[in-house]
Amino acid sequence: MKILLRFSSAILFMSMLWNSTLHGQTNEPTTLESMYQRGYFTWGADAEGGAPYVFVNPDNPNQLIGYEVDIANEIGKYLGLKAVMKQNAWDALVPALNRKDFDIILNGLEITDARMEVISFTKPYYVYSQQIVVRSEETRIGTFLDLREKTVGALSASVGLNMLEEIGKVDVKIYPGVVEPYRDLADMRLDAVVLDLPMAIYYARPNPKLKFVGEPSGEGFYGIGVRKEDTELRDKLNAIIEMMVANGTAERIAKKWNIYTRTQSRISEYRENSVFGSNKKSTWEQLGKYLPALLDGAWVTVKLSVVAMILAVSLGLFIAILRLYSPAPIRFLACSYVEIIRGTPLLIQLYLIYYGLPNIGIKLDAFTAAVAGLALNYSAYEAENYRAGIQSIPIGQMEAALALGMTKIMALRKIILPQAIKIVLPPVSNDFIALFKDSSLVSVITMVELTKVYGYLAASSYDYIGLGLLTATIYFMMSYPASLFARHLEKKMVYGQYKFWTSPNSKPCCGLPLPSKRERRSS
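Attention here is on the structure that accompanies the text. (Residues numbered from 1 in each chain as written. Predicted model: local features only at pLDDT ≥ 70, side-chain atom pairs only at ≥ 80, totals over all residues. Heavy atoms only, no water.)

## Observations concerning the pattern of salt bridges
- Within this structure, the stated rule accounts for 21 salt bridges.
- Several salt bridges converge on common partners, so that one network encompasses Glu74, Lys77 and Arg252. (Salt bridge = Lys/Arg side-chain N within 4 Å of Asp/Glu carboxyl O.)

So this is what it looks like as structure tokens:
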């Protein structure tokens with residue numbers, strides 16, 4: 001009876017706890033209610049995307065200005081709330097919104113069917129179009145079809161990128177920001193750039209080296225992104241946008257930033273396309289579509305890593321020898337090189353090599369710049385590995401070699417370095433595996449390696465989990481064989497007497513007992 005009463009009490013307690021949990025969930029405030037409780041709303045954007053949307057005021061680095069800063073502030077006035085911008089990478093705005101990092105997205109976000117499957121949009125506040133930009137002397141390109149067989153720059157997860165992919169036979173270079181593609185176009189690394197017209201107005205039109213060709217095309221709408229469950233907030237924003245369009249506020253702000261075009265009259269033509277359900281397929285259903293692109297990116301990663309590591313090991317060994325055996329001034333330069341390279345980020349080094357060197361007349365293609373950046377960066381670490389390995393060899397071995405009549409170079413080559421290489425093999429192989437992963441940073445200079453392919457596939461499909469697992473598997477399949485090969489080399493080059501026992505019937509040496517079978521296997 002007591003057991004039954006205890007069981008009944010436990011059931012009653014769990015029921016009360018469950019009801020209270022459900023009650024708490026139903027009373028959870030909506031996003032709009034939370035905004036009024038806080039006294040402000042947050043809008044996600046990427047200030048690195050630059051003008052005219054959101055960018056740092058050159059006269060006051062602590063202030064953000066731009067077309068959409070003004071739009072957000074106007075919305076705040078209608079709501080009676082302060083607008084607070086939250087920085088986020090542009091191609092990750094949608095997943096960040098669903099993660100509730102901010103309340104809305106306001107950052108030149110194109111209303112597309114793919115995005116409408118995962119978030120909701122308000123009515124549009126701007127009509128955009130795509131503009132082709134070429135160098136001023138270019139005569140071959142006049143329309144989108146002329147971009148075939150050309151190298152063209154575009155932003156990741158943009159409508160312009162989708163249009164280029166639909167044309168086909170276009171060598172597309174994907175950029176994370178707006179400034180870089182126009183700079184590469186002026187430096188003759190690209191044949192053309194296709195970005196939204198407001199970006200072209202700000203970054204291409206003032207440049208005498210560049211010009212617009214063809215009429216703007218691919219018109220669409222910018223809308224404010226909200227979470228699907230925030231219907232109350234979406235309806236409120238729709239009413240505000242309608243008022244801003246009707247009373248001329250939207251036109252006034254666009255003219256202030258010099259992006260008002262005659263196509264803005266088409267904003268009334270927008271009709272919301274309801275997405276009934278989702279025809280989105282999983283990664284495994286589209287494996288045949290995704291896998292070739294990921295494998296192409298993996299091949300680029302392998303090429304980058306192997307070539308860069310060979311150069312890094314060679315240069316690192318040379319620097320280590322200079323630090324140990326050269327005159328004092330050269331030792332100082334070698335030491336300075338190691339400290340400077342190790343003390344600065346790889347990302348900054350890549351920017352300096354790819355975007356900085358053209359200012360002094362040195363223009364490297366993306367692959368060469370990526371290899372150079374990775375090789376220089378890792379050479380500093382390899383130099384320290386080899387220095388430690390060389391210094392671990394007893395100094396008496398060098399003295400003995402010199403006493404036998406060897407030159408210092410011969411002693412290094414025949415006596416010291418073979419032993420040092422065996423010692424440094426584990427850290428060098430570890431660095432090679434690390435280089436596989438660090439190669440993902442070269443995407444900032446338009447190299448489309450494995451991580452970059454994953455980035456733009458996930459940004460277009462919003463399948464971050466499935467594609468992420470597939471990409472991680474490919475990385476593991478590339479790095480694990482390298483680990484096995486390094487382990488095999490370590491066993492081949494290991495020191496120790498057991499390495500020289502060749503069979504169980506070998507004779508003992510100097511009275512030492514034979515090793516057991518297990519000891520021979522472990523050796």
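## A few points about unusual backbone geometry
- Positive phi values are uncommon outside glycine, yet Lys169 reaches one of about 60°.
- Tracing the backbone shows Lys169 in the loop between helix 6 (159–167) and strand 9 (171–175).
- For Lys169, a relative accessible area of 65% translates into the label exposed.
- One non-glycine residue with positive phi stands out, namely Asn258, at about 60°.
- By the secondary structure assignment, Asn258 is in the loop between helix 10 (249–256) and helix 11 (287–325). (Helix = DSSP H or I, 4+ residues; strand = E, 2+ residues; numbered from the N terminus. Buried < 20%, exposed > 50% of the residue type's maximum accessible area, 1.4 Å probe, protein only.)

## Re the sheet that holds strand 8 (residues 151–155)
- Judged by pairing direction, the sheet is mixed, and its 5 strands sit side by side in the order 9-8-10-7-11 without closing on themselves. Both edges of this open sheet fall to strand 9 and strand 11 (210–222), since each of them pairs with a single strand only. With strand direction ignored, the average angle separating the axes of adjacent strands in the sheet is 25°. (Pairing = 2+ DSSP bridges. Axes fitted to C-alpha atoms, helices over the stretch in contact; angles between N-to-C directions.)

## What about empty space enclosed by the protein?
- All chains considered together, the criterion is met by 1 cavity of 30 Å³ or more.
- Taken together, Trp90, Asp91, Leu93, Val94, Pro95, Leu109, Arg115, Ala157, Ala459 and Tyr462 make up the full set of residues lining the largest cavity.
- Looking at the lining of the largest cavity, the element that brings in the most residues is helix 4 (residues 93–98), giving 3 residues.
- By residue class, the composition of the lining of the largest cavity is 8 nonpolar, no polar and 2 charged. (1 Å grid on protein atoms, 1.4 Å probe; cavity = no way out; pocket = protein on both sides within 12 Å on 5 of 7 lines; lining within 4 Å. Points joined across faces, edges and corners; volume = space filled by probe spheres on them. Nonpolar A, V, L, I, M, F, W, Y, C, P; charged D, E, K, R; others polar.)

## Some remarks on the layout of surface pockets
- Approximately 510 Å³ is the volume found for the second largest pocket.
- In terms of lining, the second largest pocket is formed by 26 residues, of which the most central are Asp46, Glu48, Gly49, Pro176 and Gly177.
- Residues that form the lining of the second largest pocket fall into these classes: 12 nonpolar, 8 polar and 6 charged.

## With respect to the environment of Ala308
- Its location among the elements puts Ala308 in helix 11.
- Its relative accessible area of 0% is what places Ala308 among the buried residues.
- In sequence terms Ala308 and Phe432 are 124 residues apart; their C-alpha atoms lie 9.4 Å from each other.
- Discounting chain neighbours no more than four positions away, the residues touching Ala308 are Val371, Leu374, Ala375 and Leu435. (Contact = heavy atoms within 4.5 Å.)

## Side note on the packing of helix 13 (residues 346–356) against helix 14 (residues 366–391)
- Two numbers describe how helix 13 lies on helix 14: the axes approach to 9 Å, and their chain directions differ by 140°. Judged on the interaxial angle alone, helix 14 and helix 13 are oblique. The handedness of the crossing between helix 13 and helix 14 comes out as right-handed. On helix 14, the residues touching Leu346, Gln349, Leu350, Ile353 and Tyr354 of helix 13 are Ala366, Ala369, Ala370, Ala372, Gly373, Leu374, Leu376 and Asn377.
- Residues that form the contact of helix 13 with helix 14 fall into these classes: 10 nonpolar, 3 polar and no charged. (Parallel < 35°, antiparallel > 145°, perpendicular 65-115°, else oblique. Left-handed = near helix turned anticlockwise from the far one by under 90°.)

## Quick notes on the packing of helix 3 (residues 67–79) against helix 10
- Relative orientation of the contacting elements helix 3 and helix 10 amounts to 155°, with a least axis distance of 9 Å. As judged from the angle between their axes, helix 3 and helix 10 are roughly antiparallel. Every pair of crossing elements has a handedness; the one defined by helix 3 and helix 10 is right-handed. On the side of helix 3, the interface is formed by Tyr67, Asp70, Ile71, Glu74 and Tyr78, while helix 10 contributes Thr249, Arg252, Ile253, Ala254 and Lys256.
- Residues of the contact of helix 3 with helix 10, tallied by class, amount to 5 nonpolar, 1 polar and 4 charged.

These figures capture arrangement, not role.
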